[in-house]
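Each chain is listed here by its residues.
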Amino acid sequence: MAPDPTELLSRWNLDPWLLAALAAVVLLLAVLIRRDQRAVAALAVALLVVAFVSPLCALSSALFSARTVHHVLLVACAAPLFALLGQRERAIAIALPFVVSTITLWFWHIPAFYTAALDHHALYWLMQASLLGTAIWFWRSIFSARAALPAAMVALAAAVGQMGLLGALLTFAPSPLYPHHMIPPLAYGIGPLQDQQLAGLIMWVPAMIPYGLIAALLARRAWSSGWLRQAA
């Protein structure tokens, strides 16, 4: 249920099954990853805690803009960190992960499916798992494409473009699209349409920052390895 603003800071999600799942992830990573990857793994798990345990999770039941922040943390922040873990020697084709992750993101933003996910626990966790899982697949393909930097850059640009388009559609929609966020935003001093517009702006601008940073890091790594100089 959407929290009242006065109780928001006390709305930590301490569901035993959720905490057990996060603990299982920590144990699995401790066994599988290299010692030099532990800091990255810790940051990735910390982002999951912010998304699912902190009051942000409860706030996302009230504000669609908070839900957008929640999803950005999953697909653009936690997912690339998880994708960095383990071995990435084998190249992964980029096209299919990009298409699947894009379809998944848009699918769960269709009002009917989004509403169904918030009405049913199983669908809610399917939404979260599919968003995170397909995003990890996409980012692994990006990081594995060391010999195909142009393809990685094109895929990143396409990812930014499709997310920006979705953000623009939300920003310029003439009316609120999501029934769950019609009434709760009023308690926070914002109307449902303004909340949706804010969500679109978050997806349109701040969500692009991780993609830009990763593109810059890939370009820097390619330059350091001499790939760009050779290509030039």
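Residues numbered from 1 in each chain as written. Predicted model: local features only at pLDDT ≥ 70, side-chain atom pairs only at ≥ 80, totals over all residues. Heavy atoms only, no water.

Below, the discussion takes up the packing of helix α2 (residues 38–52) against helix α4 (residues 64–84). Between two packed helices, the angle of one axis relative to the other and the distance separating the axes together describe the packing. At a closest axis distance of 9 Å, the pairing of α2 and α4 adopts a crossing angle of 160°. The angle between α2 and α4 places the two elements in the roughly antiparallel class. Considering only the axes of α2 and α4, their crossing is left-handed. The segment α2 lies against α4, with Val-40, Leu-43, Ala-44, Val-45, Leu-47, Leu-48, Val-50, Ala-51 and Phe-52 engaging His-70, Leu-73, Leu-74, Cys-77, Ala-78, Leu-81, Phe-82 and Leu-84. In the contact of α2 with α4, the residues fall into 16 nonpolar, one polar and no charged. (Axes fitted to C-alpha atoms, helices over the stretch in contact; angles between N-to-C directions. Helix = DSSP H or I, 4+ residues; strand = E, 2+ residues; numbered from the N terminus. Parallel < 35°, antiparallel > 145°, perpendicular 65-115°, else oblique. Left-handed = near helix turned anticlockwise from the far one by under 90°. Contact = heavy atoms within 4.5 Å. Nonpolar A, V, L, I, M, F, W, Y, C, P; charged D, E, K, R; others polar.)

Turning next to the environment of Val-53. Examined against the element boundaries, Val-53 turns out to sit in the loop between α2 and α3 (55–59). With a relative accessible area of 7%, Val-53 lands in the buried category. On a C-alpha basis, the gap between Val-53 and Trp-125 in space is 14 Å, while along the polypeptide they are 72 residues apart. Once residues lying within four places of it in the same chain are set aside, the contact partners of Val-53 are Arg-11, Trp-12, Asn-13, Leu-14, Leu-18, Leu-19, Leu-22 and Leu-48. (Buried < 20%, exposed > 50% of the residue type's maximum accessible area, 1.4 Å probe, protein only.)

We now examine the nonpolar core. Core analysis: the biggest nonpolar cluster contains 65 residues, and Phe-82, Phe-138, Trp-139, Ile-142 and Tyr-211 have the highest contact counts within it. Looking at which element gives the most residues to this core, the answer is α4, with 12 residues. Those residues within four positions of Ile-142 in sequence are excluded, and the remaining contacts are Ile-94, Ala-152, Ala-155, Leu-156 and Leu-218. (Core = buried A, V, L, I, M, F, W, Y, C linked by side-chain atoms within 4.5 Å.)

Looking now at empty space enclosed by the protein. If a probe the size of a water molecule is rolled over the atoms, the empty space left behind becomes visible. Taken as a whole, this structure holds one cavity of 30 Å³ or more when the rule is applied. Of the voids in this model, the largest cavity is the one considered here, and its volume is about 130 Å³. Val-75, Ser-101, Ala-135, Gln-162 and Tyr-211 are the residues nearest the centre of the largest cavity, which is lined by 14 residues in total. Taken together, the elements giving at least two residues each to the lining of the largest cavity come down to α5 (95–107), α7 (121–144) and α8 (149–172). When residues of the lining of the largest cavity are assigned to their parent elements, the largest contribution, five residues, is made by α7. By residue class, the composition of the lining of the largest cavity is 10 nonpolar, four polar and no charged. (1 Å grid on protein atoms, 1.4 Å probe; cavity = no way out; pocket = protein on both sides within 12 Å on 5 of 7 lines; lining within 4 Å. Points joined across faces, edges and corners; volume = space filled by probe spheres on them.)

Its volume calculated, the largest pocket comes out at about 690 Å³. Around the largest pocket sit 22 residues that line it, and Met-1, Cys-57, Ser-61, His-121 and Tyr-124 are the ones nearest its centre. Every element with two or more residues in the lining of the largest pocket is listed here: α1 (16–32), α3, α6 (111–119) and α7. Taken as a whole, the second largest pocket spans an internal volume of roughly 310 Å³. Around the second largest pocket, the lining is made up of 13 residues, and of these Pro-80, Leu-84, Phe-143, Ile-214 and Leu-217 lie nearest the centre. When contributions to the lining of the second largest pocket are tallied by element, the ones reaching two or more residues are α4 and α11 (208–224). The leading source of residues in the lining of the second largest pocket is α11, at six residues.

Overall, the coordinates contain 12 aromatic pairs when judged by the stated rule. Look at Trp-139 and Tyr-211: their rings are 5.1 Å apart centre to centre, the planes differ by 35°, and that puts the pair in the tilted class. Here Trp-139, found in helix α7, pairs with Tyr-211, found in helix α11; they are 72 residues apart in sequence, far enough to count as distant. On the basis of relative accessibility, which here comes to 0%, the residue Trp-139 falls in the buried class. Ring geometry for Phe-172 against Trp-204: centres 5.6 Å apart, planes inclined by 80°, an arrangement best described as edge-to-face. Pair noted here: Phe-172 is in helix α8 and Trp-204 is in helix α10 (residues 192–204), with a separation of 32 residues, a long-range link. Taken together, Phe-98, Phe-138, Trp-139, Phe-143 and Tyr-211 form an aromatic cluster joined through their ring pairs. (Phe/Tyr/Trp six-rings, centres within 6.5 Å; stacked < 30°, edge-to-face > 60°.)

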